[in-house]
Amino acid sequence: DHTMPQTSKLLWDLRNRSLGMDQNCNVVRAGYLGTQEFVQRLKLEASLPVHEGCVNTICWNANGEYLLSGSDDTNLVITNAYTRKVHVKVPSNHQANIYSAKFMPESCDNWIVSSAGDGSIHYTNILRSPNITQYKFTCHNSTVYEILTVPSDPHTFLSCGEDGTVRWFDVRLKKECSKSRCSDDVLIKCRRAVSSMAVSPLEPFYLALGCSDSSVRLYDRRMLGTITTGSFSNAGTTGVCLRFVPPHLTTRSCRVTSLCYSADGQEVLASYSSDYIYLFDPKDDRASKLKGLSDSEREELKQPPVKRLRLRGDWSDTGPRARPESERQQNGEFNSNVSLMQRMSGMLSRWFEEASEAQNNRAQSRSRSRGVYSLTFIFFICYTSLSTSAEPVISLHYSAEGTTTSTIKLDIAHQRTAAARIQEIFRRRKERKEIAETEALNIKRPEAKMCFKGHRNSRTMIKEVCFWGDNFVLSGSDCGHIFIWDRHTGEHVMLLEADNHVVNCLQPHPYEPLLASSGIDYDIKIWSPMEEFPSFDRELTEEVILRNELMLEENRNTVTVPASFMLRMLASLSHIRTDRLEGDPLEGQGQEIDDD
């Protein structure tokens, strides 16, 4: 139809081609994908409300007709992206949020692998849905963040998780495992949580891992094996051929929330929580020596680990309408929740300072301990995966020990025992030994070729970054936008408002100029170049970038706390005041803890 608008004709061509009605397969893609005009004409084409919770994972099938998604509602859904109808809905039987789900390659889309916060992996056959066949692997002992399939391999898949293991399962050898803390299929043991993975598309024996110690490690899987396959190696450095760490992150522990290889396998993208996105060449031989701690960095590490508190479930600092604290104050805006959490943050900071001062006083003169009122803080802060949150979650306990000392203990859900602390010490020693061994091996340490900034990645465990064609890099953001950069210059070329809170997942169509996105909203969004003319609001983009930078800084060292924390904290204050009034009169001469 020659009267059909160009944008509508584009979608008609895409649909015809995907349904096999058009043999001229490369015309549309060659004409649009890879040009700046293409990304600047992107527009929301459809919203697929197929879940009742945050959508944490989306994946196209091989021919790009179907989308597989997993959610906090624990359902797996396969949707036809063109007809917008649900093809299959599978209750996954996971007991927690689903974080990753993939079609098994060359299985006619009948086999699905999924993982969740309950630590389990489900291998599901949907051929005769709703009568499904499902096998379970319960080998991981905590959250499994990602499932990775290998191109053209319908029999094996990899998994990684909070327990620091990467596991390799071959369903020809076994389809399920119910052992607790099983190590039969462990391929790699890391000392830190492994939160992301990627395989080289051209050399799939190369496996990149993103860990919570700010490092990306590249392994050659040909040098590795498992107990199940009969070639297990326990050495932590076996198979390592590269370690990438941005120099300024060598003293910090930032999670790598996403890794992505370019289509030609020549470059890798790594997205860091509370930081930026880096592009590096995995074949780069320039060994950039990792620097030691400077005096200022050593001093920084001595600062209180908790500067701010955030109430769990509070997403007020996310989405397109979120504003930095400084801007809200300037505009006279007031948020009772934020105000309360600021006051409690102040209390924690004062308590920490008082505890530090008391510790120093005791070290100088233990004989005066009866006259010193001390607060001893034990911070046990780690990352959990509640509501896809990447922040520490803490709770508060109070106990009075003796007549002159009160102890405030901050821990996570369960108190860490002395044995656990000893294990932590040994873990750190082994970690340092492995780093030394790695350096002795003279492995590659590439430098970053490019840094992509402007987005904000601090609120969720999942924040995908990806290449789109040969010329663009995409990422989600806590501000609810999709950011698109020029791959070669790092320049912003497009900004799309895509979620009311956070955009977590981005998956370009395998062939066509279509993009699927998801996040905290309960739907999947499909984007296509439907705008009649290209447009890009640079002024708005600069405003969003500035706010993101301010809020990224505000979110560093922020701790998410449950509502019960505030109640316990107030109860602790009451106990402390009671101790001061009823105890030794000298105890009241310590620093006062005010209500305000």
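Just so we're clear, the structure is a prediction, and the values are computed from it rather than from any experiment. (Residues numbered from 1 in each chain as written. Predicted model: local features only at pLDDT ≥ 70, side-chain atom pairs only at ≥ 80, totals over all residues. Heavy atoms only, no water.)

1. What about the overall build of the chain?
Here is the rule: Going along the chain from the N terminus, every DSSP run of H or I of four or more residues is numbered as a helix, and every run of E of two or more is numbered as a strand. It only takes one pair of heavy atoms within 4.5 Å for two residues to be counted as in contact. Method for areas: the Shrake-Rupley scheme with a 1.4 Å probe, in which residue coverage is limited to the protein chains shown.
If you tally the helices and strands in the chain, you get nine helices and 33 strands. When contacts within the chain are restricted to residue pairs at least 6 apart in sequence, long-range pairs at least 24 apart make up 61% of them. Carbon and sulfur atoms provide 49% of the accessible area of the chain, an area that totals close to 26,600 Å².

2. Thoughts on the nonpolar core
Formally: What we call a nonpolar core is a set of buried Ala, Val, Leu, Ile, Met, Phe, Trp, Tyr and Cys residues that are connected through their side-chain atoms within 4.5 Å. The cut-offs for exposure are 20% and 50% of the maximum accessible area for each residue type, with area from a 1.4 Å probe on protein chains only; residues under the lower value are buried, those over the upper are exposed, and the others partly exposed.
Core analysis: the largest hydrophobic core is formed by 34 residues, its most contacted members being L269, F452, W468, L474, I482 and I484. When neighbours within four sequence positions are excluded, I482 is seen to be in contact with S475, M494, L495, L496, A498, V503, L506, L515, S517 and W527. Grouped together as the second largest cluster of nonpolar side chains are 20 residues, A208, L218, Y261 and Y272 included.

3. Structural notes on the sheet that holds strand β5 (residues 86-91)
Applicable threshold: A pair of strands is labelled paired if DSSP reports no fewer than 2 bridges between them. Structural elements are reduced to axes, namely lines fitted to C-alpha atoms, with helices fitted over the stretch in contact, and the angle between N-to-C directions of any two is expressed from 0 to 180 degrees.
Judged by pairing direction, the sheet is antiparallel, and its four strands sit side by side in the order β2-β3-β4-β5 without closing on themselves. Of all the strands in the sheet, just β2 (55-60) and β5 have a single pairing partner and so form its edges. Between one strand axis and the next, the sheet turns through 15° on average, direction left out of account. Pairing of β2 with strand β3 (residues 66-71), which is carried by five bridges, proceeds in the antiparallel orientation. Note on β3: the bridge partner recorded for C59 is L68.

4. A look at the packing of aromatic side chains
Here the distance between the centres and the angle between the planes together describe a pair of aromatic rings. So the rule is basically this: Only Phe, Tyr and Trp rings are paired, with Trp represented by its six-membered ring, and only when their centres lie within 6.5 Å; those with planes under 30 degrees apart are stacked, over 60 edge-to-face, the remainder tilted. Whether a charge sits over a ring depends on NZ of Lys or CZ of Arg being within 6 Å of the ring centre and within 35 degrees of the ring normal.
Within the structure shown, the criterion is met by 15 aromatic pairs. Their ring planes at 55° and their centres at 6.4 Å tell us that F244 and Y278 sit as a pair that is tilted. Of this pair, F244 sits in strand β17 (residues 240-244) while Y278 sits in strand β20 (residues 277-280); the two residues are 34 residues apart in sequence, bridging distant segments of the chain. The same class applies to F244 as to Y278, namely buried. Positioned over the ring face of F205 is R222, at 3.7 Å from the centre of the ring. Its end group placed over the ring of Y276, K453 keeps NZ or CZ at 4.7 Å from the ring centre.

5. Digging into the environment of T257
Going by this rule: By the criterion applied in these results, polar contacts are pairs of N or O atoms within 3.5 Å in which, for protein atoms, one can donate a hydrogen and the other can accept it, and in which residues neighboring in sequence qualify only through two side-chain atoms.
For T257, the position within the fold is in strand β18 (residues 256-261). Look at T257 and you get buried, because its relative accessible area is 8%. In sequence terms T257 and V465 are 208 residues apart; their C-alpha atoms lie 8.6 Å from each other. Not counting residues up to four positions away in its chain, the partners in contact with T257 are S195, S196, S271, S273, N457, T460, M461 and K463. From its side chain, T257 meets the backbone oxygen of K463 in a polar contact 3.2 Å long.

6. Re helix α8 (residues 538-555)
The cut-off we apply is this: Multiplying one less than the number of residues by 1.5 Å gives the expected span of a helix.
Taking 1.5 Å per residue, 18 residues should reach 26 Å; α8 reaches 25 Å between its end C-alpha atoms and fits that length. Residues of α8 that are buried: T541, V544, I545, R547, N548, M551, L552, E554 and N555. With a side-chain oxygen positioned 3.3 Å from the backbone nitrogen of E539, the residue opening α8 is D537. Following α8 by one or two positions, N557 adopts a phi angle in the positive range, close to 60°.

7. Quick look at the environment of I545
With respect to the secondary-structure elements, I545 resides in helix α8. Since its relative accessible area comes to 16%, I545 is described here as buried. Residues I545 and H455, 90 residues apart in the sequence, show an inter-C-alpha distance of 6.5 Å. In contact with I545, not counting residues within four places along its chain, are G454, F483 and H492.

8. With respect to the pairing of strand β32 (residues 524-528)
Of all five residues in β32, five are buried, a share of seventy percent or more. Looking at chain direction, strand β1 (residues 43-48) and β32 are connected through five bridges and run antiparallel. Residue pairing across strands places L48 opposite I524, the latter belonging to β32. Two strands pair when backbone bridges link them, and strand β31 (residues 515-519) and β32 are joined in this way by four bridges, in the antiparallel orientation.

9. Comments concerning the sheet that holds strand β28 (residues 481-486)
With respect to topology, four strands assemble into an open sheet ordered β26-β27-β28-β29, the strand pairing being antiparallel. Taken across any chain shown, the strands that pair with only one partner, and hence form the sheet edges, are β26 (465-468) and β29 (492-497). Each neighbouring strand pair of the sheet contributes to a mean axis angle of 20°, computed without reference to strand direction. With four bridges joining them, β26 and strand β27 (residues 472-475) adopt antiparallel strand pairing. Counterpart to W468 in the pairing with β27 is F472. Here α8 sits on the sheet and contacts β28 and β29; the angle it forms with β29, its principal contact strand, is near 80°.

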